[in-house]
Amino acid sequence: MTRILITGASRGLGLEFTKQYLERGDNVIATCRQPDKTEELERLQKEFGECLEIEQLDVTSEKSRVNLYQKLSDKSIKINLLINNAGIISGDEKESVAFGELYKEDFSKVFLVNTVSPILISERFLPLLKEANESVIVNISSMSGSISNRTRSGGYAYSSSKSALNMMTKTLSNELKERKITVVAIHPGWVKTDMGGENAPLELDSSITSIISVIDSLSIADTGKFLDWQGNEVNW
Ligand SMILES: NC(=O)c1ccc[n+]([C@@H]2O[C@H](COP(=O)([O-])OP(=O)(O)OC[C@H]3O[C@@H](n4cnc5c(N)ncnc54)[C@H](OP(=O)(O)O)[C@@H]3O)[C@@H](O)[C@H]2O)c1
């Protein structure tokens, strides 16, 4: 049985991961900031029953991370796949801040959610990942974090938070290689979500179907890679 823990599962990519993994018979721990305000997850709960566990997790909160870890640990839950998906575009979670209007709180909030939280969550939940055989950590990164592909300006906090997430991914992959835990960063494509916007060329379901097949094909030989939704390696 495969059990998958997903952060930021209330909408967008995280919700679609939850839906598609449930549809194919996996068990999902869908985590979100406000579980009582997620109608879509409640609908999935009615459809998939015990296969879906909806849990509160604000990725930035130590208390929230510890509470969830304790709850899962008390139930001797093993996690085969952790998807660090929760992310924000800016400090106000709406629009990037332009050069000339930058302020430090924007950077600190974006880095806290997009970069620091994935590594702290991976660290916290590691004992449950170790319990499973050859488990996998996927950090949802972005092409925006690729320094060598950068051609545009703007998006200072977001793009640099994803570059730093890529470094976290590579470093963690080295940390966990001997334990046979695979760690990768995946760029999901430019996808129609609240963050991606309606002009994005990729539909949510096709991005996630494709990412799931990339994840299925991963082995420890892939650890430390930065891949796109089709499994192509992305230049750092
Ligand atoms: N869409 C794209 O084109 C695109 C491209 C490249 C990379 N990405 C990456 O893909 C991931 C998902 O993006 P998306 O497009 O699905 O974005 P989205 O539609 O804006 O959804 C973001 C999700 O993150 C959650 N979240 C934000 N802060 C959180 C926190 N502190 N604790 C827990 N959850 C939190 C949100 O929860 P609430 O509902 O509570 O706000 C929401 O579920 C992000 O890491 C993003 O950077 C997206």
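Computed from a predicted structure; not experimentally measured. (Residues numbered from 1 in each chain as written. Predicted model: local features only at pLDDT ≥ 70, side-chain atom pairs only at ≥ 80, totals over all residues. Heavy atoms only, no water.)

Trainee: What exactly am I supposed to notice about the site of the ligand here?
Mentor: In the vicinity of the ligand, 28 residues are found, and the nearest of them are Ser10, Arg11, Arg33, Tyr158 and Thr193. Here an oxygen atom of the ligand and a side-chain polar atom of Arg11 are 2.8 Å apart. Within the backbone of Leu13, an N or O atom sits 2.8 Å from an oxygen atom of the ligand. When the ligand sits alone it has 910 Å² of accessible area, and the protein chains cover 93% of it. (Near = heavy atom within 4 Å. Polar contact = N/O pair within 3.5 Å; in protein donor to acceptor, adjacent residues only side chain to side chain. Areas by Shrake-Rupley, 256 points an atom, 1.4 Å probe, with all protein chains shown as cover.)

Trainee: Help me out: how do you make sense of the packing of helix H4 (residues 104-131) against helix H5 (residues 156-176) in this one?
Mentor: Between two packed helices, what matters for the description is the angle formed by their axes and the separation of those axes. For the pair H4 and H5, interaxial distance at closest approach is 8 Å and the crossing angle is 20°. Here H5 runs roughly parallel to H4, going by the angle between their axes. In this structure, H4 meets H5 at a crossing whose hand is right-handed. Here Asp106, Phe107, Val110, Phe111, Asn114, Thr115, Pro118, Ile119, Ser122 and Leu126 of H4 come into contact with H5, specifically with Tyr156, Ala157, Tyr158, Ser160, Ser161, Lys162, Ala164, Leu165, Met168, Leu172 and Leu176. (Axes fitted to C-alpha atoms, helices over the stretch in contact; angles between N-to-C directions. Helix = DSSP H or I, 4+ residues; strand = E, 2+ residues; numbered from the N terminus. Parallel < 35°, antiparallel > 145°, perpendicular 65-115°, else oblique. Left-handed = near helix turned anticlockwise from the far one by under 90°. Contact = heavy atoms within 4.5 Å.)

Trainee: I tried to follow the packing of aromatic side chains on my own but got confused; where do I start?
Mentor: Aromatic rings considered in pairs are described by the distance between their centres and by the relative angle of their planes. On inspection of all chains with the given rule, the structure shows 4 aromatic pairs. Look at Phe17 and Tyr21: their rings are 6.2 Å apart centre to centre, the planes differ by 10°, and that puts the pair in the stacked class. In this pair, Phe17 and Tyr21 both sit in helix H1 (residues 12-23), 4 residues apart, roughly one turn of the helix. Look at Phe17 and you get buried, because its relative accessible area is 0%. (Phe/Tyr/Trp six-rings, centres within 6.5 Å; stacked < 30°, edge-to-face > 60°. Buried < 20%, exposed > 50% of the residue type's maximum accessible area, 1.4 Å probe, protein only.)

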